[in-house]
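# Structure assessment
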Amino acid sequence: MKRRNFARRPGCAVEATLDLIDGKWKGVILFHLQAGTQRFGELRRRMPGITQRMLTKQLRALEDDKLVIRKVYAEVPPRVEYTLSEVGESLRPVIETLKAWGEGHQERLSCAPASDTVKASDRAA
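Quick caveat, the model's predicted, so the values are computed rather than measured.

What counts, and where the lines are drawn
- Counting restarts for each chain: residues are numbered from 1 in the order of the written sequence.
- pLDDT decides what is reported in this predicted model: residues at 70 or higher carry local features, side-chain atom pairs at 80 or more are listed and counted, and totals for whole chains, interfaces and linings draw on all residues regardless.
- Water and hydrogen atoms play no part in the side-chain values, which are based on all heavy atoms of the structure.
- Numbering of helices and strands starts at the N terminus; helices are DSSP runs of H or I of at least 4 residues and strands are runs of E of at least 2.
- Three labels apply to residues, based on accessible area from a 1.4 Å probe with only protein chains included: buried if under 20% of the type maximum, exposed if over 50%, partly exposed otherwise in between.
- We call two residues in contact whenever any of their non-hydrogen atoms come within 4.5 Å of each other.
- The pairing criterion is simple: DSSP has to find at least two bridges between the two strands.
- Along the arc lie the directions from the helix axis toward the C-beta atoms.
- Pairing of aromatic rings covers Phe, Tyr and the six-membered ring of Trp, with a centre-to-centre limit of 6.5 Å; geometry is then stacked below 30 degrees between planes, edge-to-face above 60, and tilted otherwise.
- Our definition puts a charge over a ring when NZ of Lys or CZ of Arg is within 6 Å of the ring centre and also within 35 degrees of the ring normal.
- In this text, buried Ala, Val, Leu, Ile, Met, Phe, Trp, Tyr and Cys residues form a nonpolar core when linked through side-chain atoms within 4.5 Å.
- Between the first and last residue of a helix there are one fewer steps than residues, each counted as 1.5 Å, and that sum is the expected span.

## Comments concerning the overall build of the chain
Secondary structure summary: the chain contains seven helices and three strands in total. Reading the secondary structure of the chain in the N-to-C direction produces α-α-β-α-α-β-β-α-α-α. Residues counted as buried form 26% of the 125 residues belonging to the chain. Look at the contacts in the chain between residues 6 or more apart in sequence, and 46% of them connect residues 24 or more apart.

## Regarding the pairing of strand E3 (residues 79–84)
Sheet analysis places strand E1 (residues 38–39) next to E3, joined by two bridges and oriented antiparallel. If you follow Arg39 over to E3, its bridge partner there is Glu81. Here strand E2 (residues 68–73) runs beside E3; their pairing, made up of six bridges, is antiparallel. By the bridge assignment for E3, Val72 is matched with Val80. In sequence, E2 turns back onto E3 through a hairpin of five residues.

## Some words on helix H2 (residues 26–33)
Residues Lys26, Ile29, Leu30, His32 and Leu33 constitute the buried set of H2. All buried residues of H2 project into a common sector of 165° when viewed along the axis, lining one side.

## Thoughts on the packing of aromatic side chains
If you walk through the whole model with that rule in mind, you get zero aromatic pairs. Its end group placed over the ring of Tyr73, Arg79 keeps NZ or CZ at 3.7 Å from the ring centre.

## So, the nonpolar core
With 18 residues, the main nonpolar core has Ile29, Leu30, Leu33, Leu43, Met47, Leu55 and Tyr82 as its most contacted residues. Those elements that place two or more of their residues in this core are H2, helix H4 (52–64) and E3. With near-sequence residues (within four places) excluded, Leu33 lies in contact with Gln38, Leu43, Val68, Tyr82, Thr83 and Leu84.

## A closer look at the environment of Ser90
Position of Ser90 relative to the elements: it lies in the loop between helix H5 (86–89) and helix H6 (92–104). In this structure the C-alpha to C-alpha distance between Ser90 and Leu67, which are 23 residues apart in sequence, comes to 9.0 Å.

## Observations regarding H4
With 13 residues, H4 extends 18 Å from end C-alpha to end C-alpha; this agrees with the ideal 18 Å at 1.5 Å per step. The set of residues buried in H4 consists of Leu55, Gln58, Leu59, Ala61 and Leu62. Taken down its axis, H4 places every buried residue within 160° of arc, on the same side. Residues of H4 that are exposed and angled more than 90 degrees away from the buried face: Arg53, Lys57 and Arg60.

What follows is the structure in structure tokens.
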């Protein structure tokens, strides 16, 4: 994936960083890989909303950007593992900050449980 040139523009460092982790899934993949090396199937199970095609595409983009290392084992069936590269590891504080912000604003976000669900679970307790 060809990267845009952000040099000599206000906010270029922010634009460049966001360009690396843009989209719905790259940040989520990076978050899950913080726990350690994962196989494709493990990542897929952790992200039930992603299609196999999209996960493959996003992992390839992260690999092209040198954020993820892909290791293929010569086995039958082939085993492929993904791990954060040194550059990917350097994004750990960014991903953790995004997670903390999301947790702090969860009520306003679409991933928060519906208010009916929260009220029902409160009554059950």
